[in-house]
Structures are given as C-alpha cells and as structure tokens.
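Fold and contact review
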Amino acid sequence: MNRTLETARLLLRPYAARDVEQFVALNSDGEVRRFIGGMITAERARALFSTFLDGSNPKGRTWAIETQEGRYYVGHAFLDVHAGDDPPEIGFILSKAHWGQGYGSEVAERILRHAFESLYCAVVVATVDEDHPASIRVLEKVGMHLESVGCDDLGRYRIYRATRADWRGPS
C-alpha cells in the first residue's frame, strides 16, 4: 500500500486522477527530464500515469509531491521495490519552478527513512547522471555513498547506495 509521507514542507501522497495534467506537464518538459532520458510524449505520460491509479505501475510506490502550504504540485517521486534481486531504487523529478529550494533533499531523505524504517529494506540505491551535480549533492547530503560508475546508451552515470545498518540520515 502506498501511504502519504510528510516532511516539514512537503506531502508525498498517492496520485489522484486530478494530478494527471501536472504529471504530463512535468514529463513533457525536456529541461526537467534532461538527465533522465529526455521528455516523454503526453500520450506516454498519460499511459504511465494510469498505472499509478490502477496499481499496475512497474516502479512500485509512486507519489505526487506537493507543498503542505497551498498544496501546489512540485513533482514526482518513486521507490522501485519491484527490481527483482536488485535493491530498491529511489528517484524524484521536480518542476523547474521548485528547483534550488531544498525539496529534493527533503524528498530523498523521507523516502529513505520510509524504506529503512517502515519497509525494512536493507539497502537502497539511486542512479544519477555524472553531469548532474545538483542531484549528486542531494544524494550525498542525505547520506548516500558512491558505490560505482556505469555507462549506458545515455552516457555515464553514478550509482549511490545507503544501507539501513549505516544510514544516519542527512549529513
């Protein structure tokens, strides 16, 4: 079950039908999705969104991120717990209007805390493009450590890791 998670300023809540247009706009923005494979079409975004509502989403847990004050849509977050033998992976996308406000760190820290304290995950990972310093700073700030570097058809990326036994939250 996908429950609502809170931070000091944000709510990470299950998606509702009313969120579809914000999700489509977020994922149709090439700059927002620059480091995660580029923008996707509105049709593809709507198809993906429908999986959040019907429970068939391959990423497992997904959340709409909104501000507690005013309830403004800020972005999208996930905890991929359906990765087979691979450890769960966290990720998030924030709208440009909300970059640089510390929301990424709040989201990443809250999802890690949920993964370790509520779901009892032993390990959680995150991947990030090597040329995305803002997201690298977020992962390091919330206590994740560089595990390895890889390369795929989109370029070089880093894999960050946190373990329940060692994680102490943001530094």
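Treat the numbers as computed from the prediction; the structure is a model and nothing was measured. (Residues numbered from 1 in each chain as written. Predicted model: local features only at pLDDT ≥ 70, side-chain atom pairs only at ≥ 80, totals over all residues. Heavy atoms only, no water.)

A word on the pattern of salt bridges. One pass over the structure, following the stated rule, counts 9 salt bridges. The residue arginine 9 makes a salt bridge to glutamate 106 at a minimum N-O spacing of 2.4 Å. Residue arginine 9 is located in the loop between strand 1 (5-6) and strand 2 (10-13), and its partner glutamate 106 is located in helix 3 (residues 103-118); the two are separated by 97 residues in the primary sequence. When its relative accessible area of 33% is taken as the criterion, arginine 9 is described as partly exposed. (Salt bridge = Lys/Arg side-chain N within 4 Å of Asp/Glu carboxyl O. Helix = DSSP H or I, 4+ residues; strand = E, 2+ residues; numbered from the N terminus. Buried < 20%, exposed > 50% of the residue type's maximum accessible area, 1.4 Å probe, protein only.)

Counting across every chain of the model gives 6 aromatic pairs. Ring geometry for tyrosine 15 against phenylalanine 52: centres 4.9 Å apart, planes inclined by 25°, an arrangement best described as stacked. Here tyrosine 15 is found in the loop between strand 2 and helix 1 (20-27), whereas its partner phenylalanine 52 is found in helix 2 (residues 42-54), with 37 residues between them in sequence. Here the two residues tyrosine 15 and phenylalanine 52 agree in accessibility, since each one is buried. Relative to phenylalanine 49, the ring of phenylalanine 23 lies with its centre 5.7 Å away and its plane at 45°, an arrangement referred to as tilted. Taken together, the residues span a long stretch of sequence, with phenylalanine 23 in helix 1 and phenylalanine 49 in helix 2 at a distance of 26 residues. (Phe/Tyr/Trp six-rings, centres within 6.5 Å; stacked < 30°, edge-to-face > 60°.)

With that out of the way, let us pick up the nonpolar core. Residues Leu12, Ile65, Ile90, Ile111, Leu112 and Met144 are the most contacted members of the largest nonpolar core, which totals 29 residues. If you list the elements that add at least two residues to this core, you get strand 2, strand 3 (60-67), strand 4 (73-80), strand 5 (89-94), helix 3, strand 6 (123-129), helix 4 (133-141) and strand 8 (155-163). Looking at this core, the element that brings in the most residues is helix 3, giving 7 residues. If sequence neighbours within four positions are ignored, methionine 144 has contacts with Ile90, Leu112, Val124, Val125, Ala126, Leu139, Tyr160, Arg161 and Ala162. (Core = buried A, V, L, I, M, F, W, Y, C linked by side-chain atoms within 4.5 Å. Contact = heavy atoms within 4.5 Å.)

As a further point, take the packing of helix 1 against helix 2. Two packed helices can be described by the angle between their axes and the distance between those axes. Taken N-terminus to C-terminus, the directions of helix 1 and helix 2 make an angle of 130°; their axes are 9 Å apart at the nearest point. On the basis of their axis angle, the class for helix 1 and helix 2 is oblique. Of the two possible hands of crossing, helix 1 and helix 2 adopt the one that is right-handed. Two secondary-structure elements touch here, helix 1 through Val20, Glu21, Phe23, Val24 and Asn27 and helix 2 through Ala42, Ala45, Arg46, Leu48, Phe49 and Phe52. Split by residue class, the contact of helix 1 with helix 2 holds 8 nonpolar, 1 polar and 2 charged. (Axes fitted to C-alpha atoms, helices over the stretch in contact; angles between N-to-C directions. Parallel < 35°, antiparallel > 145°, perpendicular 65-115°, else oblique. Left-handed = near helix turned anticlockwise from the far one by under 90°. Nonpolar A, V, L, I, M, F, W, Y, C, P; charged D, E, K, R; others polar.)

What follows concerns the side chain of histidine 98. Within the secondary structure, histidine 98 sits in the loop between strand 5 and helix 3. For histidine 98, a relative accessible area of 15% translates into the label buried. Within polar-contact distance, the side chain of histidine 98 engages the side chain of serine 95 at 2.6 Å. Each residue touching histidine 98, except ones within four places of it in the same chain, is listed here: Tyr73, Val74 and Tyr103. (Polar contact = N/O pair within 3.5 Å; in protein donor to acceptor, adjacent residues only side chain to side chain.)

With 13 residues, helix 2 extends 18 Å from end C-alpha to end C-alpha; this agrees with the ideal 18 Å at 1.5 Å per step. Within the span of helix 2, buried status applies to Ala45, Phe49, Thr51 and Phe52. Buried residues of helix 2 fall within an arc of 150° about the axis and therefore sit on the same side. The outward face of helix 2, more than 90 degrees from its buried face, is lined by the exposed residues Glu43 and Asp54. Close packing links the buried residues of helix 2 with helix 1, strand 3 and strand 4. Positioned one or two residues after helix 2, glycine 55 has a phi angle of 85°, which is positive. (Expected span 1.5 Å × (residues − 1). Arc of directions from axis to C-beta.)

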